[in-house]
Amino acid sequence: MLTNKTKLDDSICLLTNHQHIFACPICSQSMMVQSRSLVCGNHHSFDIAKQGYVNLLSRAHTTKYDKQLFTARSAISADGFFEPMLEGVHAAIKRAIRSTVGGVKILDAGCGEGSHLSEILFRLNEHSNDKHFGVGIDIAKAGISLASRKGARDSGTSRTLKGYGEYGTLDTIWCVADLAKCPFADQSFDVIVNVMSPAKYTEFQRLLADEGLIIKVVPESHYLKQLRGEFYSQTDKDVYSNEQTVELFRHHFELLDIQRVQYEATLNKDQLQQLIQMTPLSWGAPEETLRKMTDLHQSEVTFDYSILIGSKKERE
């Protein structure tokens, strides 16, 4: 197992190699690694935690996304329940970079505990001579802390990558940061991924390279319909539509394709409890209903997504 010291040293090295992509979230100046901190020309300084992540918030933010939620999502991810959706994201990126030389830089905006980005990077690098690089950001410190503690794609498997050393370490930087003021320089990323998370499209436009790709994953009408039906029966939340979300995406980006990914999965009692803990659908649900659902020994659950694939619009 990697020690915190080794993790910190590796993270400092990785941050140093990619320090040119950072811009101070306070004054937008370029940044450099100095000792154990990222520092801008105006001396705004952000410490690199011993786990290897960097907190680039100028002030603390309160969020309902806590350690329990991210731990539950990590467990659900380790059991493979997101794999069909993530394969769709991976395939879209792979098609886009087929003719590129060298690795691409990927930003996961709203990465949570990092399992989605780690899986995507693993799949991209598994059969590639190029070394792709990822940055995961989230405003929830609990998620980023868990991502950096887990290391690269630590989801209960022992898969390793050729050329990535004994631990199969992927090149990934984890940052606590605000999507509304992303701490990166203009056009720093070839791909931006935004999975089931809020978006800040003006920032995404600024950060995306001119020939870059943006991929947003949104829930479709049948997403977790069994839970929605139990939690919000006979209310307006019982039915979900993402039409406004898709239209907003179209407004800011050229929509190249929409891919629907829908599948059923049978969850046992523990997995069902983890799913309920990780989904905001359970927020505000009656306690009696929550107890009823968590007492089930197993349940069939529908996963239903749309993968929006876009690019920058041509300037008129």
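Here is a short report on the structure shown in this document.

Each value, and the rule that gives it
In this numbering scheme, every chain counts its residues from 1 along its sequence in written order. Note on the predicted model: pLDDT of at least 70 is required for a residue's local features to be given, and 80 or more for side-chain atom pairs to be given and counted; whole-chain, interface and lining totals, by contrast, use all residues. To obtain the side-chain values, all non-hydrogen atoms of the structure were included, while hydrogens and water were left out. With a 1.4 Å probe rolled over the protein chains alone, any residue whose accessible area is under 20% of its type maximum counts as buried; one over 50% counts as exposed, and the rest are partly exposed. Strands here are runs of E lasting at least two residues and helices are runs of H or I lasting at least four, both read from the DSSP assignment and numbered beginning at the N terminus. This arc corresponds to the set of directions leading from the helix axis out to the C-beta atoms. Residue contacts are counted whenever heavy atoms from the two residues lie within 4.5 Å of one another. Criterion for a disulfide: a pair of cysteine sulfur atoms within 2.5 Å. Two strands pair if DSSP finds at least two bridges between them. Lines are fitted to the C-alpha atoms to define the axes, a helix being fitted only along its stretch in contact, and any angle between axes, read from their N-to-C directions, falls within 0 to 180 degrees. Here the word oblique covers every angle except those under 35 degrees (roughly parallel), over 145 (roughly antiparallel) and from 65 to 115 (roughly perpendicular). Whether a crossing is left-handed or right-handed is set by the direction in which the near helix is turned from the far one by less than a right angle, anticlockwise for left-handed and clockwise for right-handed. The residue classification treats Ala, Val, Leu, Ile, Met, Phe, Trp, Tyr, Cys and Pro as nonpolar and Asp, Glu, Lys and Arg as charged. All others, Gly included, are polar. Should a side-chain nitrogen of Lys or Arg be within 4 Å of a carboxyl oxygen of Asp or Glu, the pair is scored as a salt bridge.

Turning next to helix H10 (residues 287-294). Those residues of H10 not exposed but buried are Thr 289, Leu 290, Met 293 and Thr 294. Down the axis of H10, the buried side of the element spans an arc of 130 degrees, and every buried residue falls inside it. Those residues of H10 that are exposed and angled more than 90 degrees off the buried face are Glu 287, Glu 288 and Arg 291. Next to the buried residues of H10 lie helix H7 (225-231) and helix H9 (269-278).

Counting across every chain of the model gives zero disulfides. Free cysteine Cys 40: the closest other cysteine sulfur is in Cys 27, separated by 3.6 Å. Lacking any disulfide linkage, Cys 111 is separated from the closest cysteine sulfur, that of Cys 175, by 8.6 Å. Under the relative-accessibility criterion, Cys 111 is labelled buried at 0%.

Let's shift gears to the sheet that holds strand S8 (residues 189-195). Strand order in the open sheet formed by eight strands is S4-S7-S6-S5-S8-S9-S11-S10, with mixed pairing between adjacent strands. The open sheet has two free edges, formed respectively by strand S4 (54-55) and strand S10 (254-268), since each of these has just one partner strand. Looking at chain direction, S8 and strand S9 (residues 208-219) are connected through six bridges and run parallel. Pairing of Asn 194 across the sheet is with Lys 216, part of S9.

Moving on, we get to unusual backbone geometry. For Ser 28, which is not glycine, the phi torsion reads 70 degrees and is therefore positive. Following the sequence through the fold, Ser 28 ends up in the loop between helix H1 (4-17) and strand S1 (31-34). By relative accessible area, Ser 28 is classed as partly exposed at 49%. The phi dihedral of Met 196 falls on the positive side, at around 50 degrees, and the residue is not glycine. With respect to the helices, strands and loops of the structure, Met 196 is situated in the loop between S8 and helix H6 (201-207). We classify Met 196 as partly exposed; its relative accessible area is 33%.

Further remarks concern the packing of helix H3 (residues 83-96) against helix H4 (residues 115-126). Where H3 meets H4, the closest approach of the two axes is 10 Å, and the angle between their N-to-C directions is 50 degrees. In terms of axis orientation, H3 runs oblique to H4. Crossing of H3 against H4: the hand is right-handed. Residue-level inspection shows Glu 83, Met 85, Leu 86, Glu 87, Val 89, His 90, Ile 93 and Lys 94 of H3 in contact with H4, the latter providing His 116, Glu 119, Ile 120, Arg 123 and Leu 124. Among the residues forming the contact of H3 with H4, the class breakdown is six nonpolar, two polar and five charged.

Scanning the model with the defined rule gives twelve salt bridges in all. Across the salt bridge formed by Arg 73 and Glu 113, the nearest N and O atoms sit 2.7 Å from each other. Pair noted here: Arg 73 is in helix H2 (residues 67-78) and Glu 113 is in the loop between strand S5 (105-109) and H4, with a separation of 40 residues, a long-range link. Both residues of the pair, Arg 73 and Glu 113, belong to the buried class. Residues Arg 206 and Glu 203 are paired through a salt bridge, measuring 2.9 Å at the closest nitrogen-oxygen approach. Separated by three residues within a single helix, Arg 206 and Glu 203 lie in helix H6, roughly one turn from each other.

Glancing now at the sheet that holds S1. Sheet strands line up and pair through hydrogen bonds in the backbone, either parallel or antiparallel. What the three strands build is an open sheet, ordered S1-S2-S3; its pairing is antiparallel. The sheet is open, and its two edges are formed by S1 and strand S3 (45-47), each paired on a single side. Neighbouring strand axes in the sheet, compared pairwise and without regard to direction, differ in orientation by 25 degrees on average. Relative to strand S2 (residues 37-40), S1 runs antiparallel, the two sharing four bridges. The partner of Met 31 across the bridge, within S2, is Cys 40.

So, about the environment of Thr 16. Assignment of secondary structure puts Thr 16 in helix H1. Classification of Thr 16 as partly exposed rests on a relative accessible area of 35%. In the structure, Thr 16 is positioned 18 residues away from Gln 34 in sequence and 8.8 Å away in space, judged by C-alpha atoms.

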